[in-house]
Amino acid sequence: MLAPFILNPFPEGSGMAQFNAGYPDLMQRFVIFGIFAIGFNILFGLTGYLSFGHAAFLGVGSYAAIWMMKLVTLNIIPAIILSIIFAGLFALLVGFICLRRSGIYFSILTLAFAQMSYALAYSVLTPITGGETGLQIKATDRPILSGLEPGEIGRANFFGIDMRTSYELSLGDWLFTFNAGYYIAAVVMLLSFYLSIRIFRSPFGMMLRAVKSNQQRMSYTGLNSKPYTLAAFVISGMYAGLAGGLMVAMDTQVGPERMFWTASGEVVLMAILGGVGTLIGPVLGAGMIKYMENIISKINETILHQWFAFLPDGLEDFVVSMIYPFIGKGWHLTLGIVFMLVVIFLPGGLVEGGQKIAGLFRRKAKTDDTPSKTPAE
(Lines give C-alpha, C1' and ligand atoms only; values in the text may rest on other atoms or scores of the structure.)
Protein backbone atom coordinates (compact mmCIF):
# COMPACT_ATOMS: atom_id res chain seq x y z
CA MET A 1 0.00 0.00 0.00
CA LEU A 2 2.80 2.41 0.90
CA ALA A 3 5.19 1.45 -1.90
CA PRO A 4 4.73 4.73 -3.83
CA PHE A 5 5.92 6.59 -0.71
CA ILE A 6 8.67 4.17 0.36
CA LEU A 7 10.18 3.86 -3.11
CA ASN A 8 10.22 7.64 -3.71
CA PRO A 9 12.42 8.91 -0.85
CA PHE A 10 14.06 11.72 -2.83
CA PRO A 11 12.35 14.89 -4.12
CA GLU A 12 11.79 15.37 -7.84
CA GLY A 13 14.53 17.36 -9.55
CA SER A 14 17.17 16.56 -6.94
CA GLY A 15 20.41 14.79 -7.83
CA MET A 16 19.29 11.68 -5.92
CA ALA A 17 15.90 11.41 -7.67
CA GLN A 18 17.65 9.02 -10.06
CA PHE A 19 17.34 6.34 -7.35
CA ASN A 20 13.57 6.69 -6.93
CA ALA A 21 11.73 3.51 -7.94
CA GLY A 22 8.16 4.50 -7.15
CA TYR A 23 6.85 4.75 -10.70
CA PRO A 24 4.14 2.33 -11.95
CA ASP A 25 6.11 0.31 -14.51
CA LEU A 26 8.89 -0.61 -12.09
CA MET A 27 6.58 -1.29 -9.15
CA GLN A 28 4.58 -3.64 -11.38
CA ARG A 29 7.78 -5.46 -12.30
CA PHE A 30 8.68 -5.83 -8.63
CA VAL A 31 5.48 -7.67 -7.77
CA ILE A 32 5.11 -9.67 -11.01
CA PHE A 33 8.64 -11.04 -10.93
CA GLY A 34 8.17 -11.57 -7.21
CA ILE A 35 5.34 -13.99 -8.09
CA PHE A 36 7.59 -15.66 -10.66
CA ALA A 37 10.34 -16.11 -8.05
CA ILE A 38 7.92 -17.36 -5.37
CA GLY A 39 6.71 -20.11 -7.70
CA PHE A 40 10.24 -21.08 -8.68
CA ASN A 41 11.17 -21.29 -5.00
CA ILE A 42 8.40 -23.84 -4.37
CA LEU A 43 10.21 -26.21 -6.74
CA PHE A 44 13.85 -25.36 -6.12
CA GLY A 45 13.64 -24.32 -2.48
CA LEU A 46 11.57 -27.27 -1.28
CA THR A 47 12.59 -30.17 -3.55
CA GLY A 48 16.08 -29.10 -4.64
CA TYR A 49 15.20 -29.64 -8.32
CA LEU A 50 16.87 -26.81 -10.26
CA SER A 51 14.94 -25.87 -13.39
CA PHE A 52 16.67 -23.86 -16.12
CA GLY A 53 13.51 -23.68 -18.23
CA HIS A 54 10.90 -21.88 -16.16
CA ALA A 55 10.67 -19.03 -18.65
CA ALA A 56 8.80 -21.41 -20.97
CA PHE A 57 5.81 -21.36 -18.60
CA LEU A 58 6.04 -17.59 -18.32
CA GLY A 59 5.81 -17.37 -22.11
CA VAL A 60 2.99 -19.90 -22.45
CA GLY A 61 0.97 -18.01 -19.84
CA SER A 62 1.60 -14.72 -21.67
CA TYR A 63 0.48 -16.08 -25.04
CA ALA A 64 -2.64 -17.63 -23.52
CA ALA A 65 -3.55 -14.32 -21.87
CA ILE A 66 -3.04 -12.21 -25.01
CA TRP A 67 -5.19 -14.52 -27.12
CA MET A 68 -7.96 -14.41 -24.53
CA MET A 69 -7.85 -10.60 -24.73
CA LYS A 70 -7.74 -10.56 -28.53
CA LEU A 71 -10.63 -13.00 -29.01
CA VAL A 72 -12.97 -12.99 -26.00
CA THR A 73 -12.65 -10.18 -23.45
CA LEU A 74 -10.31 -7.41 -22.36
CA ASN A 75 -11.05 -8.13 -18.70
CA ILE A 76 -7.81 -9.39 -17.16
CA ILE A 77 -9.42 -12.00 -14.88
CA PRO A 78 -10.34 -14.56 -17.61
CA ALA A 79 -6.96 -13.91 -19.26
CA ILE A 80 -5.09 -14.62 -16.02
CA ILE A 81 -7.15 -17.75 -15.34
CA LEU A 82 -6.43 -19.07 -18.85
CA SER A 83 -2.71 -18.30 -18.46
CA ILE A 84 -2.59 -20.34 -15.24
CA ILE A 85 -4.42 -23.28 -16.84
CA PHE A 86 -2.28 -23.42 -19.99
CA ALA A 87 0.97 -23.00 -18.06
CA GLY A 88 -0.12 -25.77 -15.67
CA LEU A 89 -0.93 -28.17 -18.50
CA PHE A 90 2.37 -27.45 -20.22
CA ALA A 91 4.21 -27.89 -16.91
CA LEU A 92 2.46 -31.24 -16.44
CA LEU A 93 3.77 -32.43 -19.81
CA VAL A 94 7.29 -31.11 -19.30
CA GLY A 95 7.47 -32.33 -15.69
CA PHE A 96 6.25 -35.82 -16.59
CA ILE A 97 9.19 -36.16 -18.97
CA CYS A 98 11.92 -34.24 -17.15
CA LEU A 99 11.31 -35.67 -13.66
CA ARG A 100 12.38 -39.08 -14.89
CA ARG A 101 15.87 -37.72 -14.21
CA SER A 102 17.32 -35.71 -11.35
CA GLY A 103 20.29 -33.46 -10.70
CA ILE A 104 22.06 -31.86 -13.64
CA TYR A 105 20.22 -34.11 -16.11
CA PHE A 106 16.89 -32.68 -14.96
CA SER A 107 18.22 -29.13 -15.28
CA ILE A 108 19.49 -29.73 -18.82
CA LEU A 109 16.19 -31.31 -19.88
CA THR A 110 14.19 -28.31 -18.65
CA LEU A 111 16.63 -25.99 -20.44
CA ALA A 112 16.17 -28.00 -23.64
CA PHE A 113 12.38 -27.74 -23.41
CA ALA A 114 12.57 -24.00 -22.81
CA GLN A 115 14.82 -23.45 -25.82
CA MET A 116 12.60 -25.64 -28.00
CA SER A 117 9.61 -23.57 -26.87
CA TYR A 118 11.49 -20.38 -27.71
CA ALA A 119 12.42 -21.71 -31.17
CA LEU A 120 8.82 -22.75 -31.85
CA ALA A 121 7.48 -19.36 -30.77
CA TYR A 122 10.15 -17.52 -32.77
CA SER A 123 9.66 -19.28 -36.10
CA VAL A 124 7.57 -22.44 -36.44
CA LEU A 125 4.41 -21.22 -34.65
CA THR A 126 4.49 -17.71 -36.12
CA PRO A 127 0.72 -17.67 -36.95
CA ILE A 128 0.00 -18.22 -33.25
CA THR A 129 2.89 -16.35 -31.59
CA GLY A 130 3.58 -13.55 -34.08
CA GLY A 131 7.18 -14.71 -34.47
CA GLU A 132 9.93 -12.18 -33.86
CA THR A 133 7.56 -9.19 -33.64
CA GLY A 134 5.26 -10.89 -31.15
CA LEU A 135 1.59 -10.18 -30.48
CA GLN A 136 -0.29 -7.14 -29.26
CA ILE A 137 -3.84 -5.84 -29.23
CA LYS A 138 -4.57 -4.03 -32.49
CA ALA A 139 -7.36 -1.84 -33.81
CA THR A 140 -8.57 -4.78 -35.93
CA ASP A 141 -9.09 -7.01 -32.88
CA ARG A 142 -12.72 -7.35 -31.85
CA PRO A 143 -13.08 -9.39 -28.64
CA ILE A 144 -16.54 -10.94 -28.38
CA LEU A 145 -17.37 -9.35 -25.03
CA SER A 146 -15.61 -6.01 -25.53
CA GLY A 147 -18.16 -3.76 -27.25
CA LEU A 148 -15.43 -1.67 -28.89
CA GLU A 149 -16.17 0.97 -31.49
CA PRO A 150 -14.79 0.44 -35.05
CA GLY A 151 -11.11 1.36 -35.13
CA GLU A 152 -10.85 1.61 -31.35
CA ILE A 153 -7.84 -0.12 -29.76
CA GLY A 154 -8.83 -2.17 -26.73
CA ARG A 155 -7.22 -1.69 -23.34
CA ALA A 156 -6.76 -4.26 -20.59
CA ASN A 157 -9.12 -3.57 -17.70
CA PHE A 158 -10.36 -4.94 -14.41
CA PHE A 159 -14.16 -4.77 -14.68
CA GLY A 160 -13.89 -1.41 -16.41
CA ILE A 161 -10.86 -0.06 -14.51
CA ASP A 162 -8.07 0.64 -17.00
CA MET A 163 -4.74 -0.82 -15.87
CA ARG A 164 -3.02 2.44 -16.83
CA THR A 165 -5.22 4.59 -14.61
CA SER A 166 -3.04 6.57 -12.19
CA TYR A 167 -3.51 9.25 -9.55
CA GLU A 168 -0.67 11.65 -8.80
CA LEU A 169 -0.18 13.26 -5.40
CA SER A 170 2.15 16.21 -5.08
CA LEU A 171 3.53 17.02 -1.62
CA GLY A 172 6.07 19.82 -1.78
CA ASP A 173 8.91 18.68 -4.01
CA TRP A 174 7.76 15.05 -3.92
CA LEU A 175 5.52 13.43 -6.52
CA PHE A 176 3.80 10.12 -5.71
CA THR A 177 1.97 8.02 -8.32
CA PHE A 178 -0.77 5.54 -7.39
CA ASN A 179 -1.44 3.15 -10.28
CA ALA A 180 -4.45 0.82 -10.53
CA GLY A 181 -2.50 -1.87 -12.34
CA TYR A 182 0.18 -1.95 -9.66
CA TYR A 183 -2.29 -2.37 -6.81
CA ILE A 184 -4.17 -5.16 -8.60
CA ALA A 185 -0.89 -6.97 -9.25
CA ALA A 186 0.20 -6.36 -5.64
CA VAL A 187 -2.99 -7.94 -4.28
CA VAL A 188 -2.41 -10.98 -6.51
CA MET A 189 1.18 -11.22 -5.23
CA LEU A 190 0.03 -11.11 -1.60
CA LEU A 191 -2.46 -13.91 -2.28
CA SER A 192 0.26 -15.91 -4.05
CA PHE A 193 2.62 -15.32 -1.15
CA TYR A 194 0.01 -16.48 1.36
CA LEU A 195 -0.59 -19.63 -0.70
CA SER A 196 3.16 -20.33 -0.72
CA ILE A 197 3.20 -20.00 3.09
CA ARG A 198 0.42 -22.58 3.33
CA ILE A 199 2.31 -24.91 0.99
CA PHE A 200 5.57 -24.54 2.94
CA ARG A 201 3.87 -25.31 6.25
CA SER A 202 1.62 -28.13 5.03
CA PRO A 203 2.23 -31.91 5.14
CA PHE A 204 2.73 -31.66 1.36
CA GLY A 205 5.53 -29.16 1.94
CA MET A 206 7.07 -31.51 4.50
CA MET A 207 7.08 -34.30 1.92
CA LEU A 208 8.84 -31.99 -0.55
CA ARG A 209 11.47 -31.21 2.10
CA ALA A 210 11.95 -34.94 2.56
CA VAL A 211 12.58 -35.26 -1.18
CA LYS A 212 15.27 -32.58 -0.94
CA SER A 213 16.81 -34.06 2.19
CA ASN A 214 17.16 -37.69 1.07
CA GLN A 215 14.99 -38.99 -1.74
CA GLN A 216 16.57 -42.45 -1.64
CA ARG A 217 15.86 -42.92 2.05
CA MET A 218 12.32 -41.72 1.42
CA SER A 219 11.81 -44.45 -1.18
CA TYR A 220 13.09 -47.05 1.32
CA THR A 221 10.17 -46.18 3.59
CA GLY A 222 7.76 -47.09 0.80
CA LEU A 223 6.85 -43.53 -0.22
CA ASN A 224 6.80 -42.70 -3.92
CA SER A 225 8.25 -39.21 -4.37
CA LYS A 226 7.30 -38.81 -8.05
CA PRO A 227 3.71 -37.56 -7.52
CA TYR A 228 4.95 -34.98 -5.03
CA THR A 229 7.73 -33.65 -7.22
CA LEU A 230 5.42 -33.55 -10.25
CA ALA A 231 2.80 -31.65 -8.22
CA ALA A 232 5.46 -29.17 -7.08
CA PHE A 233 6.64 -28.74 -10.68
CA VAL A 234 3.09 -28.08 -11.92
CA ILE A 235 2.35 -25.60 -9.09
CA SER A 236 5.60 -23.81 -9.83
CA GLY A 237 4.72 -23.67 -13.53
CA MET A 238 1.28 -22.26 -12.71
CA TYR A 239 2.91 -19.48 -10.68
CA ALA A 240 5.04 -18.67 -13.72
CA GLY A 241 1.92 -18.66 -15.90
CA LEU A 242 0.24 -16.29 -13.46
CA ALA A 243 3.22 -13.94 -13.70
CA GLY A 244 3.05 -14.15 -17.50
CA GLY A 245 -0.66 -13.33 -17.50
CA LEU A 246 -0.09 -10.32 -15.24
CA MET A 247 2.67 -9.08 -17.53
CA VAL A 248 0.16 -9.05 -20.40
CA ALA A 249 -2.43 -7.35 -18.20
CA MET A 250 0.01 -4.51 -17.48
CA ASP A 251 1.49 -4.29 -20.99
CA THR A 252 -0.57 -5.94 -23.73
CA GLN A 253 2.37 -7.08 -25.82
CA VAL A 254 4.05 -10.50 -25.93
CA GLY A 255 7.23 -11.65 -27.66
CA PRO A 256 9.23 -14.89 -27.73
CA GLU A 257 12.08 -13.28 -25.76
CA ARG A 258 10.14 -14.06 -22.59
CA MET A 259 10.94 -17.74 -23.16
CA PHE A 260 14.67 -17.30 -23.79
CA TRP A 261 17.13 -19.07 -21.48
CA THR A 262 18.34 -15.79 -19.95
CA ALA A 263 14.86 -15.23 -18.47
CA SER A 264 15.09 -18.66 -16.81
CA GLY A 265 18.55 -17.84 -15.48
CA GLU A 266 17.25 -14.56 -14.07
CA VAL A 267 14.72 -16.26 -11.80
CA VAL A 268 17.45 -18.60 -10.54
CA LEU A 269 19.50 -15.54 -9.57
CA MET A 270 16.47 -14.02 -7.85
CA ALA A 271 15.97 -17.08 -5.66
CA ILE A 272 19.65 -17.47 -4.76
CA LEU A 273 20.20 -13.76 -4.05
CA GLY A 274 17.16 -13.58 -1.80
CA GLY A 275 17.58 -16.94 -0.09
CA VAL A 276 16.61 -20.35 -1.47
CA GLY A 277 13.99 -22.13 0.61
CA THR A 278 12.93 -19.00 2.49
CA LEU A 279 9.54 -17.37 2.10
CA ILE A 280 10.36 -13.70 1.55
CA GLY A 281 13.83 -14.24 0.03
CA PRO A 282 12.86 -14.71 -3.63
CA VAL A 283 10.70 -11.57 -3.50
CA LEU A 284 13.67 -9.56 -2.17
CA GLY A 285 15.93 -11.05 -4.83
CA ALA A 286 13.46 -10.18 -7.59
CA GLY A 287 13.20 -6.61 -6.30
CA MET A 288 16.98 -6.23 -6.13
CA ILE A 289 17.61 -7.46 -9.68
CA LYS A 290 14.78 -5.40 -11.20
CA TYR A 291 15.97 -2.33 -9.31
CA MET A 292 19.48 -2.71 -10.70
CA GLU A 293 18.15 -3.41 -14.19
CA ASN A 294 15.92 -0.33 -14.26
CA ILE A 295 17.73 2.18 -12.03
CA ILE A 296 21.46 1.42 -11.96
CA SER A 297 21.46 0.75 -15.71
CA LYS A 298 20.17 4.28 -16.43
CA ILE A 299 23.03 6.11 -14.72
CA ASN A 300 25.30 7.52 -17.44
CA GLU A 301 28.50 9.57 -17.57
CA THR A 302 26.57 12.86 -17.63
CA ILE A 303 24.87 12.04 -14.33
CA LEU A 304 28.17 10.96 -12.78
CA HIS A 305 29.83 14.22 -13.81
CA GLN A 306 26.95 16.12 -12.18
CA TRP A 307 27.45 14.18 -8.94
CA PHE A 308 31.21 14.71 -8.79
CA ALA A 309 31.32 18.26 -10.23
CA PHE A 310 32.64 19.54 -6.87
CA LEU A 311 35.94 17.68 -7.44
CA PRO A 312 38.88 19.14 -9.40
CA ASP A 313 38.59 18.39 -13.13
CA GLY A 314 41.34 15.76 -13.25
CA LEU A 315 40.10 13.96 -10.12
CA GLU A 316 36.49 14.18 -11.33
CA ASP A 317 37.37 12.46 -14.62
CA PHE A 318 39.34 9.78 -12.77
CA VAL A 319 36.48 8.99 -10.35
CA VAL A 320 33.94 8.85 -13.18
CA SER A 321 36.19 6.57 -15.24
CA MET A 322 36.52 4.20 -12.26
CA ILE A 323 32.80 4.02 -11.49
CA TYR A 324 31.29 4.05 -14.99
CA PRO A 325 32.21 0.42 -15.94
CA PHE A 326 29.98 -0.80 -13.08
CA ILE A 327 26.84 1.14 -14.00
CA GLY A 328 24.88 1.95 -17.14
CA LYS A 329 25.46 -0.81 -19.66
CA GLY A 330 27.87 -2.43 -17.19
CA TRP A 331 25.24 -3.04 -14.52
CA HIS A 332 25.55 -6.79 -15.16
CA LEU A 333 29.12 -6.58 -13.87
CA THR A 334 27.87 -5.11 -10.58
CA LEU A 335 25.17 -7.78 -10.38
CA GLY A 336 27.80 -10.48 -10.93
CA ILE A 337 29.98 -9.10 -8.14
CA VAL A 338 27.01 -8.89 -5.77
CA PHE A 339 26.02 -12.46 -6.66
CA MET A 340 29.55 -13.72 -5.97
CA LEU A 341 29.69 -11.94 -2.61
CA VAL A 342 26.31 -13.35 -1.59
CA VAL A 343 27.22 -16.91 -2.57
CA ILE A 344 30.59 -16.73 -0.76
CA PHE A 345 29.66 -14.84 2.41
CA LEU A 346 25.86 -15.23 2.65
CA PRO A 347 24.83 -18.66 1.31
CA GLY A 348 21.38 -18.03 2.75
CA GLY A 349 20.99 -14.88 0.63
CA LEU A 350 19.70 -11.49 1.68
CA VAL A 351 17.47 -13.13 4.31
CA GLU A 352 20.54 -14.56 6.06
CA GLY A 353 22.19 -11.13 5.90
CA GLY A 354 19.13 -9.55 7.51
CA GLN A 355 19.10 -12.22 10.22
CA LYS A 356 22.77 -11.60 11.03
CA ILE A 357 22.24 -7.85 11.29
CA ALA A 358 19.18 -8.37 13.50
CA GLY A 359 21.23 -10.77 15.66
CA LEU A 360 23.92 -8.14 16.16
CA PHE A 361 21.35 -5.59 17.33
CA ARG A 362 19.74 -8.13 19.68
CA ARG A 363 23.10 -9.00 21.27
CA LYS A 364 23.93 -5.31 21.64
CA ALA A 365 20.56 -4.60 23.25
CA LYS A 366 21.00 -7.57 25.62
CA THR A 367 24.47 -6.35 26.56
CA ASP A 368 23.18 -2.84 27.26
CA ASP A 369 20.33 -4.19 29.44
CA THR A 370 22.67 -6.35 31.58
CA PRO A 371 23.49 -4.43 34.80
CA SER A 372 27.19 -4.13 35.55
CA LYS A 373 28.37 -5.67 38.84
CA THR A 374 30.15 -3.65 41.54
CA PRO A 375 33.44 -4.91 43.10
CA ALA A 376 31.58 -5.78 46.33
CA GLU A 377 29.26 -8.02 44.39
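On a predicted model such as this, the values are computed, not experimentally measured, just so you know.

(A) Representation of the overall build of the protein chain within the structure. Check the secondary structure of the protein chain and you find 15 helices and six strands. Its C-alpha atoms give the protein chain principal-axis dimensions of about 80 × 60 × 40 Å. Looking at the protein chain residue by residue over its 377 residues, the buried ones come to 47%. Summarising the internal contacts of the protein chain: among those between residues at least 6 apart in sequence, 71% fall at separations of at least 24. A total of about 19300 Å² of accessible surface is found on the protein chain, and carbon and sulfur atoms cover 68% of it. Charge-centre separation for the protein chain: the mean point of 24 positive side chains lies 17 Å from the mean point of 21 negative side chains.

(B) Summary view of the side chain of Ser62. Along the chain, Ser62 turns up in helix H3 (residues 55–71). In this structure Ser62 comes out as buried when scored by relative accessible area, which is 0%. There is a polar contact of 2.9 Å between the side chain of Ser62 and the backbone oxygen of Leu58. If near-sequence neighbours (up to four positions away) are discounted, Ser62 is found in contact with Gly244, Gly245, Val248, Val254 and Arg258.

(C) Molecular detail of the nonpolar core. Counting 93 residues, the largest nonpolar core has Ile32, Ile35, Phe57, Met69, Ile76, Phe233 and Leu246 as the members making the most contacts within it. Looking at which element gives the most residues to this core, the answer is helix H2 (residues 24–47), with 13 residues. In contact with Ile35, not counting residues within four places along its chain, are Ala185, Val188, Met189, Ser192, Tyr239, Leu242, Ala243 and Leu246.

(D) Structural detail: the pairing of strand E4 (residues 166–171). A small share of E4 lies buried, amounting to zero of its six residues. Sheet topology note: the E4/strand E5 (residues 174–179) ladder contains six bridges and is antiparallel. Across the sheet, Leu169 pairs through a bridge with Phe176, a residue of E5. Linking E4 to E5, which pair antiparallel, is a turn of two residues; within it Gly172 sits at a positive phi near 65°.

(E) Region of interest: the environment of Gly255. Relative to the elements of secondary structure, Gly255 occurs in the loop between strand E6 (253–254) and helix H10 (261–274). For the pair formed by Gly255 and Pro143, sequence separation is 112 residues and the distance between their alpha carbons is 20 Å. Apart from residues lying up to four places away in sequence, Gly255 is in contact with Tyr63 and Gly134.

(F) Representation of the environment of Lys138 in the model. If you trace the backbone, Lys138 turns up in the loop between strand E1 (135–136) and strand E2 (157–158). On a C-alpha basis, the gap between Lys138 and Ile153 in space is 5.8 Å, while along the polypeptide they are 15 residues apart.

(G) Quick look at H2. An ideal rise of 1.5 Å per residue puts 34 Å on 24 residues; H2 measures up with 35 Å between its terminal C-alpha atoms. Considering bend angle alone, the principal kink of H2 is centred on Asn41 and spans about 35°. Where burial is concerned, most of H2 is hidden: 22 out of the 24 residues are buried. Gly48 lies just past H2 and shows a positive phi near 85°.

(H) Focus on a nonpolar patch on the surface. A cluster of nonpolar residues, Phe326, Leu333, Ile337, Met340, Leu341, Val343, Ile344 and Phe345, forms a patch on the protein surface that exposes about 760 Å² of accessible area. Of note, Leu333 is situated in helix H14 (residues 331–345). The class of Leu333 is partly exposed, set by a relative accessible area of 43%.

(I) Structural context of the side chain of Ser83. When you line up the elements, Ser83 lands in helix H4 (residues 76–98). Of note is the side chain of Ser83, whose polar atom sits 2.5 Å from the backbone oxygen of Ile80. Those residues in contact with Ser83 that lie beyond four places of it in its chain are Gly61, Ala64, Ala65, Gly241, Leu242 and Gly245.

Criteria and thresholds
- Residues numbered from 1 in each chain as written.
- Predicted model: local features only at pLDDT ≥ 70, side-chain atom pairs only at ≥ 80, totals over all residues.
- Heavy atoms only, no water.
- Helix = DSSP H or I, 4+ residues; strand = E, 2+ residues; numbered from the N terminus.
- Buried < 20%, exposed > 50% of the residue type's maximum accessible area, 1.4 Å probe, protein only.
- Contact = heavy atoms within 4.5 Å.
- Areas by Shrake-Rupley, 256 points an atom, 1.4 Å probe, with all protein chains shown as cover.
- Lys, Arg positive; Asp, Glu negative; His and termini not counted.
- Charge placed at Lys NZ, Arg CZ, Asp CG, Glu CD.
- Polar contact = N/O pair within 3.5 Å; in protein donor to acceptor, adjacent residues only side chain to side chain.
- Core = buried A, V, L, I, M, F, W, Y, C linked by side-chain atoms within 4.5 Å.
- Pairing = 2+ DSSP bridges.
- Expected span 1.5 Å × (residues − 1).
- Bend = angle between axes of the 7 residues up to and from the residue.
- Patch = residues over 30% accessible without salt bridge, like charges linked within 9 Å, V, L, I, M, F, W, Y side chains within 5 Å.
- Salt bridge = Lys/Arg side-chain N within 4 Å of Asp/Glu carboxyl O.

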